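Next come the chains, spelled out residue by residue.
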Amino acid sequence: MIAHMPEDQARLLRRLDSLTRSFESRAEGYDRTAAFPAEDFDELFAANLHAPTVPREYGGLGLGPLQGNAYVLWKMTRSLAAADLSLARCWEGHANSLVLIDAMASPAQKERWFRGVVERGEKWVAWSGEPKAPKGPGSESAPRFGTTVRRDGNDWIVEGTKIFATSASGANWAILLVDTTGPGGARHSDSPETVFMLACDLSDPTVSIDGSWWDPIGMRATVSHLVRFHQTRIPDANRIGEPGAYLREGWQTAFIPHYAASFLGAAEAAYEYALRYVTQQDKTGDPYVQQRVGAMAVAVETADLWLQHVADLWDRGPRAEAQLAGSRARHVVEHLAVQTVDHCIRACGARCLIRPSPVERILRDLTFYVRHDNDDHILATIGRARLGKPHDLSFYKP
């Protein structure tokens, strides 16, 4: 467990905390306009907090599951999520993409791309989403999403669409997970060896964004638009790692507890709101309010202990154990976070769901974001692992 945090890491968290008031003040505007939190990222860059998972030798902070500092990274994410869950999601995508570069890119690729992050504040994201279904009920005749990729000399040609493309209007680079056998993305691949990663410069004029698809109830500022690739040419020099490495080595499992950290940050924001509200409204003597506050306190502390446990496993090195524990934490923290927000609403009443109360946005964002994976499938996967049955800890496929 995390018994003590070094002073340099504590200073890092305090530096981030000094920015969160600004992030909170802008969150409602980004949500209403479904706009990428660009000013927030500008402030993170100005504060030298923009390269969390870039190794120190390249000028970054050297955090995350590869660097022996997973918990500090997740603490940063929690602070951002408490200010704005959409901001935290964009940050997650950026930080996780840099982990993939650190893990699998060549030295020349690292030197080139990490310099862009550290010196110019370039933003990264990883896109896989190609669900094999139209948009929703009533759109059965709509074209299905997905990309095709083919080799042309020393280049790869990408054609088609990806959706849930987080930070689409704000990122500079995207790691595209593509499959040579056809559409479907990493989640739907039947052969791990045909899935690989290409780094795409999003300033390429053959890449276009369709914002009309993204009109969700929550997480609006993640701008997870539909992105079209029109015969986009990507040099093989931008291929990251060997084909199949992402799925074969289970890299998705390194990011699953990171999602849980965001859930917890949103829950912590609701908890802190409830404490302020019931105190200001002189409701602290109500025994039912006391029960709600007690439940929130236990939930937040329990979730934190789970994240500390998973971070400790990643930092010490038992990867298989860390991967399974990450899924368990993801399941537990989702439920604890949702329950915490519900306790907050019940303790504070309907007034906390009226704008500009942040709880209204937290409820919408968290309700949407926990759908990132199907919790029924997560729990079944945990059961299959315990029973010694074949299981997929990356995408929870049967």
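Since we're looking at a predicted model, the values are computed, not measured.

## Remarks on the overall build of the protein
When its secondary structure is counted, the protein shows eleven helices and eight strands. Over its C-alpha trace the protein gives a radius of gyration of 21 Å, about what one expects of a compact globule, namely 21 Å for 398 residues. For the C-alpha atoms alone, the extent of the protein along its principal axes is close to 75 × 50 × 50 Å. For the protein, long-range pairs separated by at least 24 residues make up 73% of all intrachain contacts whose partners lie at least 6 apart in sequence. In the form shown here, the protein has an accessible surface area of approximately 16,800 Å², with 52% of it arising from carbon and sulfur atoms.

## Details of the side chain of T77
Here T77 is to be found in helix α3 (residues 70-83). With residues near it in sequence (within four places) discarded, T77 still touches A88, W91, E92, H258, A261 and S262.

## Overview of the pairing of strand β7 (residues 225-235)
Across eight bridges, the pairing between strand β3 (residues 155-165) and β7 is antiparallel. When the sheet's bridge partners are listed, W156 is paired in β7 with I234. Pairing geometry for strand β6 (residues 207-210) and β7, over four bridges, is antiparallel. Counterpart to I209 in the pairing with β7 is V227.

## Some details on the pattern of salt bridges
Per the counting criterion, the structure on display carries 28 salt bridges. A salt bridge links R14 to E7; its shortest N-O distance comes to 2.5 Å. Accessibility expressed as a relative area gives 43% for E7, which makes it partly exposed. With its nearest N and O atoms 3.0 Å apart, the salt bridge here joins R233 to D152. Taken as a pair, R233 in strand β7 and D152 in strand β2 (residues 146-152) lie far apart in primary sequence, 81 residues in all. Overall, R233 belongs to the partly exposed group, its relative accessible area being 42%. A single network of salt bridges, built from pairs that share partners, joins D31, R355, E360 and R364.

## As for the sheet that holds β6
Strand-to-strand pairing in sheets goes through backbone hydrogen bonds, with the strands running parallel or antiparallel. If you walk across this open sheet you meet the four strands as β2-β3-β7-β6, and the pairing is antiparallel. Each having just a single partner strand, β2 and β6 make up the two edges of the open sheet. Direction aside, the axes of adjacent strands within the sheet are offset by 10° on average. With seven bridges connecting them, β2 and β3 associate as antiparallel partners.

## A closer look at the pairing of strand β4 (residues 173-179)
Of all seven residues making up β4, seven are buried, and the element is well covered by its neighbours. Two elements, strand β1 (residues 124-127) and β4, share four bridges in a ladder whose sense is parallel. Within β4, the residue paired with A126 across the bridge is I175. Here β4 pairs with strand β5 (residues 195-201) via seven bridges, running antiparallel. Each bridged residue has a counterpart across the sheet, and for L177 the counterpart in β5 is M197.

## Some remarks on the environment of R364
By secondary structure assignment, the location of R364 is in helix α10 (residues 358-369). Take R364: its relative accessible area is 12%, and that puts it in the buried class. For the pair R364 and P216, spaced 148 residues apart in sequence, the C-alpha separation works out to 9.4 Å. Excluding anything up to four places from it in sequence, R364 contacts D31, I217, G218, R220 and R355.

## Regarding the sheet that holds β5
Sheet architecture is open: four strands sit in the order β1-β4-β5-β8, paired in mixed fashion. In this open sheet, the two strands that pair with only one neighbour each are β1 and β8 (239-240). Sitting on the sheet, helix α4 (residues 85-104) is in contact with β1, β4, β5 and β8, with an inclination near 85° to β1.

## A word on the packing of α3 against helix α8 (residues 287-316)
The contact between α3 and α8 brings their axes to 8 Å, and the two run at 145°. Across from A70, Y71, W74 and R78 in α3, the residues of α8 making contact are D304, L307, Q308, V310, A311, W314 and D315. When the residues that make up the contact of α3 with α8 are grouped by side-chain class, the tally is seven nonpolar, one polar and three charged.

## Topic: the packing of aromatic side chains
According to the stated counting rule, one finds 14 aromatic pairs in the structure shown. For the ring pair Y259 and Y369, a centre distance of 6.3 Å and an interplane angle of 70° mean the geometry is edge-to-face. Separated by 110 residues along the polypeptide, Y259 in helix α7 (residues 256-280) and Y369 in helix α10 bring together distant segments of the chain. Ring-pair connections join several aromatic residues into one group, and the members of that group are F145, F164, W213, W214 and F368. Note that R319 overlies the ring of W251, its terminal NZ or CZ placed 4.4 Å from the centroid.

## What about the confidence of the model for the protein?
Summing up the model confidence of the protein, the mean pLDDT is 94 and the portion of residues at 70 or higher is 96%. Across residues 134-142, where pLDDT falls below 50, the model places seven contacts with residues more than four positions away in sequence or in other chains.

## A look at the state of the cysteines
Tallying each qualifying case throughout the model produces zero disulfides. Unpaired in this structure, C90 has its nearest cysteine sulfur neighbour in C200, at a distance of 18 Å.

Reading the values: the criteria
- Residues numbered from 1 in each chain as written.
- Predicted model: local features only at pLDDT ≥ 70, side-chain atom pairs only at ≥ 80, totals over all residues.
- Heavy atoms only, no water.
- Helix = DSSP H or I, 4+ residues; strand = E, 2+ residues; numbered from the N terminus.
- Rg over C-alpha atoms; globule rule 2.2 N^0.38 Å.
- Contact = heavy atoms within 4.5 Å.
- Areas by Shrake-Rupley, 256 points an atom, 1.4 Å probe, with all protein chains shown as cover.
- Pairing = 2+ DSSP bridges.
- Salt bridge = Lys/Arg side-chain N within 4 Å of Asp/Glu carboxyl O.
- Buried < 20%, exposed > 50% of the residue type's maximum accessible area, 1.4 Å probe, protein only.
- Axes fitted to C-alpha atoms, helices over the stretch in contact; angles between N-to-C directions.
- Nonpolar A, V, L, I, M, F, W, Y, C, P; charged D, E, K, R; others polar.
- Phe/Tyr/Trp six-rings, centres within 6.5 Å; stacked < 30°, edge-to-face > 60°.
- Lys NZ or Arg CZ within 6 Å of the ring centre and 35° of its normal.
- pLDDT = per-residue confidence, 0-100.
- Disulfide = S-S within 2.5 Å.

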